[in-house]
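Summary of structural features
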Amino acid sequence: MAKEGSQFAARERNVRSTPVNTGEPWPSLAEAEQRVLRIQTKLHQWAVEDPDRRFDDLYNLIYDPAVLALAWQRVRSNRGARSAGVDGATAHYISAVKGEQVFLSGLRDELKARRFRPMPVRETMIPKPGGKRRRLGIATVTDRVVQAALKLVLEPIFEADFKPCSYGFRPGRRAHDAIAEIYHFCSHSYEWIVEGDIEACFESISHSPLLQRVRSRIGDKRVVALVKAFLKSGILAEGGELRDSDTGAPQGGILSPLLSNIALSVLDEHFAKAWETMSTPSARKWRRRKGRPNYRLVRYADDWVAMVAGERADAERVRDGAAAVLLPMGLRLSEAKTAITHIDHGFDFLGVHIQRHRKRGSAQRFVYTYPSKAALAAVTGKVRRICREVPRNEPLATLLRRLSPTLRGWTNYHRYGVSKATFQYLCSYVWHRVTAWLRRKHPKANWKLLRRRYLPGWWPTEDEVVLFNPSTVAVTRYRYRGQRIPSPWTSTTPAPATTRKGVN
């Protein structure tokens, strides 16, 4: 093993096209992206070729100039760059006052000398649907850059082990893929749905088993120690109280989604192992003839559903088995939010309502996907809030510019499904809200004047600014990609293990 480790370390050093321990100038963004992509591709290929390999000598990659430069670019361009951690510094302050080159050079020296220590995260509470609030941890800009560098190095390695049933916070995968897979299986006799919700997932992950899973792939103790340092960095509460972070990965951190996926992969592996026994259509049919259930997991971050072809009692056993698997990681299912539902009654997942019912004018039954009532209430609430926030002394164009991105983003997300009627309702709702705003802006103007000035063609317009019309968005069906979702570090894609034929 020692010989293999030294050979691997030598190959790792050859990945970098230029030395990292020299005084060469910092690479440009394009050069950094190309070099990091080569590093990530090699790491991913080696991880795929040998599932048992433990990666040594990775710490040098963390402070590679290309890795740090790309990590800084991602932190600076992120919307959260405007937020400051406990040190009060923002990305703009570092760029304008401290200087990017000075900042990155100093950070690289600290990492190289192993003097870097992460600071506590600043805790803030943000609202959740239903009136509740959840904790969000805001790290310092320096810590965010190091976390981004860690993610650039570690993600290609662990991506080789992650199962296809996981879709959240993974490159090249999106919520639509998870919904498409649920639609696919629910259309093929998987009728019982276990709606799983993990209680306070990001706050409850046990550090010991999580670090053990990290060590199963990462043999460089310096990298593991850096990950552990971020987990144990502490939390500064809103009231100024500093408390230890004995469990969990603060939600909002750049590294937290990857760490949560590593922890929750125990659930993926549990279901994937069971799926291997049902991997062929003949095996699944044999199980059903024997009264045994078939089941499949779809997970997006800490939200997941298990689709069961069987009876309700089978779904209950699947739920209990999932709870037992999560327990060693310090995670528990929420009794209030974890439910078992039949597909004919429908359920919500990632803002989409999925339900089977009879097609209008036909005796056949099909599975349909709609925007959920909660998702519609969220966007109408946002429209209502924007119309209240924009002052009446502002021109109509200001209101239209605020509303259009919200409407465009929401309709683009929900265009994959039976959404036309919902889009038309949203169109009507926005129209009434905007015209009510105009009435308040011009209380003495009659309707004829308002319509001629602001509603040409009966749609809100001012000068060249036209309100985005939700009813013009075309709806379609998202194509189910199965296991054909490509990785950004591979040029070839595996053959799909599940096709439309023989899913039962």
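Residues numbered from 1 in each chain as written. Predicted model: local features only at pLDDT ≥ 70, side-chain atom pairs only at ≥ 80, totals over all residues. Heavy atoms only, no water.

The next thing to look at is the sheet that holds strand β1 (residues 121-127). The sheet built from 4 strands is open, its strands ordered β2-β1-β4-β5 with mixed pairing. The sheet terminates laterally at β2 (133-138) and β5 (242-243), the two strands that pair on one side only. Summarising the sheet, β1 and β2 pair through 6 bridges and their orientation is antiparallel. Bridge pairing in β2 links Glu123 to Gly137. (Pairing = 2+ DSSP bridges. Helix = DSSP H or I, 4+ residues; strand = E, 2+ residues; numbered from the N terminus.)

We now examine the environment of Ser83. Among the structural elements, Ser83 can be located in the loop between α4 (65-77) and α5 (91-98). As for Ser83 and Ile138, which are separated by 55 residues in sequence, their C-alpha atoms are 7.5 Å apart.

It is worth spelling out the sheet that holds strand β8 (residues 339-342) at this point. The 4 strands are arranged β6-β7-β3-β8 in an open sheet whose pairing can be described as antiparallel. If you trace the sheet from one side to the other, it starts and ends with β6 (294-300) and β8, each paired once. Between one strand axis and the next, the sheet turns through 20° on average, direction left out of account. Here strand β3 (residues 192-197) runs beside β8; their pairing, made up of 4 bridges, is antiparallel. (Axes fitted to C-alpha atoms, helices over the stretch in contact; angles between N-to-C directions.)

What follows deals with unusual backbone geometry. Unusually for a residue other than glycine, Ala301 sits at a positive phi of about 60°. Note that Ala301 resides in the loop between β6 and β7 (303-309). For Ala301, a relative accessible area of 8% corresponds to the buried category. Despite not being glycine, Asp463 has its phi angle at roughly 55°, a positive value. Relative to the elements of secondary structure, Asp463 occurs in the loop between β12 (461-462) and β13 (465-466). (Buried < 20%, exposed > 50% of the residue type's maximum accessible area, 1.4 Å probe, protein only.)

Let's shift gears to the packing of aromatic side chains. Here the structure, examined in full by the defined rule, presents 15 aromatic pairs. Here Phe271 and Tyr295 contribute two aromatic rings whose centre-to-centre distance is 5.9 Å and whose plane-to-plane angle is 90°, an arrangement assigned as edge-to-face. Linking Phe271 in helix α12 (residues 256-276) with Tyr295 in strand β6, this pair joins segments that are 24 residues apart in sequence. Grouping residues by exposure puts Phe271 and Tyr295 together as buried. Arranged with centres 6.1 Å apart and planes meeting at 75°, the rings of Trp431 and Trp447 form a pair that is edge-to-face. Pair noted here: Trp431 is in helix α17 (residues 420-441) and Trp447 is in helix α18 (residues 447-454), with a separation of 16 residues, a long-range link. Through pairs of rings, three or more aromatic residues link up here, namely Phe185, Tyr190 and Trp275. (Phe/Tyr/Trp six-rings, centres within 6.5 Å; stacked < 30°, edge-to-face > 60°.)

Axis separation between helix α15 (residues 373-389) and α17 bottoms out at 10 Å; the angle between their running directions is 15°. Judged by the angle between their axes, α15 and α17 are roughly parallel. Crossing hand, α15 versus α17: right-handed. Here α15 contributes Leu376, Val379, Thr380, Val383, Arg384 and Cys387 to the contact with α17, which in turn contributes Thr422, Tyr425, Leu426, Tyr429, Val430, Arg433, Trp437 and Arg440. Split into classes, the residues belonging to the contact of α15 with α17 amount to 9 nonpolar, 2 polar and 3 charged. (Parallel < 35°, antiparallel > 145°, perpendicular 65-115°, else oblique. Left-handed = near helix turned anticlockwise from the far one by under 90°. Contact = heavy atoms within 4.5 Å. Nonpolar A, V, L, I, M, F, W, Y, C, P; charged D, E, K, R; others polar.)

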